[in-house]
Amino acid sequence: MNSIRVRLGVLGLALLTGFTTPTAASAAQAAPSPTVEEQRLGRAAPQEILRRSGFDTAAPRLARALEGARSYGEARRVVSREGARLWQRAVDRAQGRGPAGGDLSRDDDRPLYWARLGMTRDVRTWEPEFGLTDGQRAALLDELERTSRGQDAIRYPHGKGMKRILLTGFDPFTLDRDIRISNPSGATALALDGTVIETADGPARVETAVFPVRWQDFTDGTVERTLRPHLPKVDLFTTVSQGRVGRFDIERTNGAWRGGFGDNETIGRTETVPVSDPASQPQWTTTTLPYAAITAAQTGRFPVYDNTSVTEIPAGGTESVVRPDGPTPGSTARAGGGGDYLSNEIAYRATLLRDRLGLHGTLPGGHVHTPVLQFAAGNTTEVTDPEFVRNRLDIIAQVRAILKVAAETS
């Protein structure tokens, strides 16, 4: 069997010359091209991040393993194993276990992001001799996404005496503004996964997962599919994302509206958040995190705010209005406290799921916005610097402190 890259080269030549080759199986479909997100991988900064972390070996390892697959079932097992290996490797690196793989600081979330894209690109463009249907390829990609994001690895110890905390983070985004960007929420997820926080009420185990910055994945139910099995069993949950410069926000209210900003595939959506059973869908959901205790506590160097602002169309009105103290009765959502992007949407979906499971009065949960992770002044080209690392470490530590307060006062 020829290598993946050789076959890709032959495919490219065939496309250029107009020559088509017969498929190995009648049900097989031609491999799609890399996505917009995957195409960024070839730029200098992602390659440097992968090289300086040692994560440049992940995609080639998957490609070699796929070469040995003789059936779809074997390929599915390879993808599952390598996706889970990537997630665990990223968690271990962030928590100081095993080799650093290079001089990039261990707290960095970007190696996981870019390595995953190398792996999804290889699966997306792979043309095995036994042939893949579109559905089979989609299932392989879905398996890789779930396993490499920790979404199927959320496990708590059995027995009583330990609280259970669930936290989610995000991939880097706005990469066409700055390809070097890191997301402190994703870094926090890696740093805290499987760790124990000692609280005044006893230990609390944290389990985490990371989500993509893509509208379609949310439409397809990735949030609900990941969180639904666990929300009835945890004592506290929080979705986390990067928010405003120089501050944390506990978002009081989440809105059922997508504002249209482009995602990591440069696709925008302007519509009501699509959920199952839209007939019973509320315009607003609210946090049940102990926001008063969190904002009053000394959790770190960044101030923490109870953010009550929303944007709504009042009942009977047609124009959007900013409400600093939350929505008015009968209004239509145009932005939650966390805006109208995927930060707001994950908060809306998670808290709506909480409510539909009948847990509003018993399960503390909501959204935490971290400060924007900034490079040092004047750094417009380097992929890292000491201030950038310090900012990320401080944000991670403060999220951990916020979780401690929330666990102790819930």
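Model, not experiment: these values are computed from the prediction.

Asker: Tell me about the overall build of the protein, residues and numbers included.
Answerer: Looking only at helices and strands, the protein has 13 helices and 14 strands in total. For the protein, the C-alpha radius of gyration of 22 Å lies close to 22 Å, the compact-globule estimate for 410 residues. In terms of overall dimensions, the protein has C-alpha extents of about 65 × 50 × 50 Å along its principal axes. A burial count over the protein gives 53% of its 410 residues as buried. In the protein, once contacts between residues fewer than 6 apart in sequence are set aside, the share between residues at least 24 apart is 77%. Counting every atom, the protein has about 17000 Å² of accessible surface; 53% of that belongs to carbon and sulfur. Put simply, the protein has 50 plus and 49 minus side-chain charges, and the middle of one group is 4 Å from the middle of the other.

Asker: Would you mind going over unusual backbone geometry in detail, with residue names and values included?
Answerer: For Thr 174, which is not glycine, the phi torsion reads 50 degrees and is therefore positive. By the element assignment, Thr 174 lies in the loop between strand S1 (163-170) and helix H8 (184-192). Taking relative accessible area as the criterion, Thr 174 reaches 18% and is therefore assigned buried.

Asker: How would you sum up the confidence of the model for the protein? Please name residues and give values.
Answerer: Model confidence for the protein is summarised by a mean pLDDT of 93, while 93% of its residues fall at 70 or above. Ignoring residues within four places in sequence, the model shows residues 1-26, a span with pLDDT below 50, making 26 contacts including any to other chains.

Asker: I'd like a description of the packing of aromatic side chains, backed by residues and values.
Answerer: What the rule picks out here adds up to nine aromatic pairs. On the numbers, 4.1 Å between centres and 10 degrees between planes, the contact of Phe 375 with Phe 388 is stacked. Taken as a pair, Phe 375 in the loop between strand S14 (365-370) and helix H13 (386-409) and Phe 388 in helix H13 lie far apart in primary sequence, 13 residues in all. As far as the burial class goes, Phe 375 and Phe 388 line up, both buried. Of the aromatic side chains, those joined through ring pairs into one cluster are Phe 173, Trp 215, Phe 261 and Tyr 341. Positioned above the aromatic ring of Phe 375 is the side chain of Arg 180, whose terminal nitrogen or guanidinium carbon lies 4.0 Å from the ring centre.

Asker: Residues and numbers for the sheet that holds strand S4 (residues 236-242), please.
Answerer: The strand order across the open sheet formed by seven strands is S2-S3-S1-S4-S14-S5-S10, and the pairing between neighbours is mixed. This sheet does not close on itself; its edge strands, each paired only once, are strand S2 (196-199) and strand S10 (304-307). For this sheet, the mean inter-axis angle between neighbouring strands, taken without regard to orientation, is 25 degrees. Strand direction decides the pairing type here: S1 and S4, joined by four bridges, are parallel. Following the sheet pairing, Leu 166 is matched in S4 by Phe 237. The sheet strands contacting H8 are S1, strand S3 (202-211), S4 and S14, and the helix crosses S1 at an angle near 145 degrees. Helix-sheet contacts for H13 involve S1, S2, S3, S4, strand S5 (248-251), S10 and S14, and the interaxial angle to S2 is about 50 degrees.

Asker: Explain helix H6 (residues 110-125) residue by residue, including any values.
Answerer: With 16 residues, H6 should cover 22 Å at 1.5 Å per step; its first-to-last C-alpha distance of 23 Å lies within 8% of that length. With 15 of 16 residues buried, H6 is to be regarded as a mostly interior element.

Asker: Tell me what's going on with the pairing of S14, and back it up with residues and numbers.
Answerer: Burial analysis of S14 places six of its six residues in the buried class, the great majority of the element. As defined by bridge partners, S4 adjoins S14 across six bridges and the pair is classed as parallel. Residue pairing in the sheet places Thr 238 in a bridge with Gly 366 of S14.

Asker: Residue-level account of the side chain of Asp 171, with values.
Answerer: Here Asp 171 shows up in the loop between S1 and H8. There is a polar contact of 2.8 Å between the side chain of Asp 171 and the side chain of Arg 149. The contacts of Asp 171, once residues within four sequence positions are left out, are Glu 37, Tyr 113, Arg 116, Arg 149, Asn 183, Val 210, Phe 211, Pro 212, Val 213 and Asn 264.

Asker: Can you explain the packing of helix H5 (residues 72-94) against helix H7 (residues 134-148)? Please cite residues and give values.
Answerer: Packing of H5 against H7 leaves a shortest axis separation of 7 Å and a crossing angle of 20 degrees. In terms of orientation, H5 lies roughly parallel with respect to H7. With respect to the hand of their crossing, H5 and H7 are arranged in right-handed fashion. Within the contact between the two elements, H5 uses Tyr 72, Ala 75, Arg 76, Val 79, Ser 80, Gly 83, Ala 84, Leu 86 and Trp 87 and H7 uses Gln 136, Ala 139, Leu 140, Glu 143, Leu 144, Thr 147 and Ser 148. Here the residues of the contact of H5 with H7 are counted per class, giving nine nonpolar, five polar and two charged.

Asker: Let's hear about H7: which residues, and what values?
Answerer: For H7, built from 15 residues, the straight-helix expectation of 21 Å at 1.5 Å per residue is met to within 8% by its first-to-last C-alpha distance of 21 Å. Restricting attention to buried positions, one finds in H7 the residues Arg 137, Leu 140, Leu 141, Glu 143, Leu 144, Glu 145, Arg 146, Thr 147 and Ser 148. Where H7 is buried, its residues meet helix H4 (58-67), H5, H6 and helix H10 (222-227). Following H7 by one or two positions, Gly 150 has its phi on the positive side, about 75 degrees.

Conventions we followed
Residues numbered from 1 in each chain as written. Predicted model: local features only at pLDDT ≥ 70, side-chain atom pairs only at ≥ 80, totals over all residues. Heavy atoms only, no water. Helix = DSSP H or I, 4+ residues; strand = E, 2+ residues; numbered from the N terminus. Rg over C-alpha atoms; globule rule 2.2 N^0.38 Å. Buried < 20%, exposed > 50% of the residue type's maximum accessible area, 1.4 Å probe, protein only. Contact = heavy atoms within 4.5 Å. Areas by Shrake-Rupley, 256 points an atom, 1.4 Å probe, with all protein chains shown as cover. Lys, Arg positive; Asp, Glu negative; His and termini not counted. Charge placed at Lys NZ, Arg CZ, Asp CG, Glu CD. pLDDT = per-residue confidence, 0-100. Phe/Tyr/Trp six-rings, centres within 6.5 Å; stacked < 30°, edge-to-face > 60°. Lys NZ or Arg CZ within 6 Å of the ring centre and 35° of its normal. Pairing = 2+ DSSP bridges. Axes fitted to C-alpha atoms, helices over the stretch in contact; angles between N-to-C directions. Expected span 1.5 Å × (residues − 1). Polar contact = N/O pair within 3.5 Å; in protein donor to acceptor, adjacent residues only side chain to side chain. Parallel < 35°, antiparallel > 145°, perpendicular 65-115°, else oblique. Left-handed = near helix turned anticlockwise from the far one by under 90°. Nonpolar A, V, L, I, M, F, W, Y, C, P; charged D, E, K, R; others polar.

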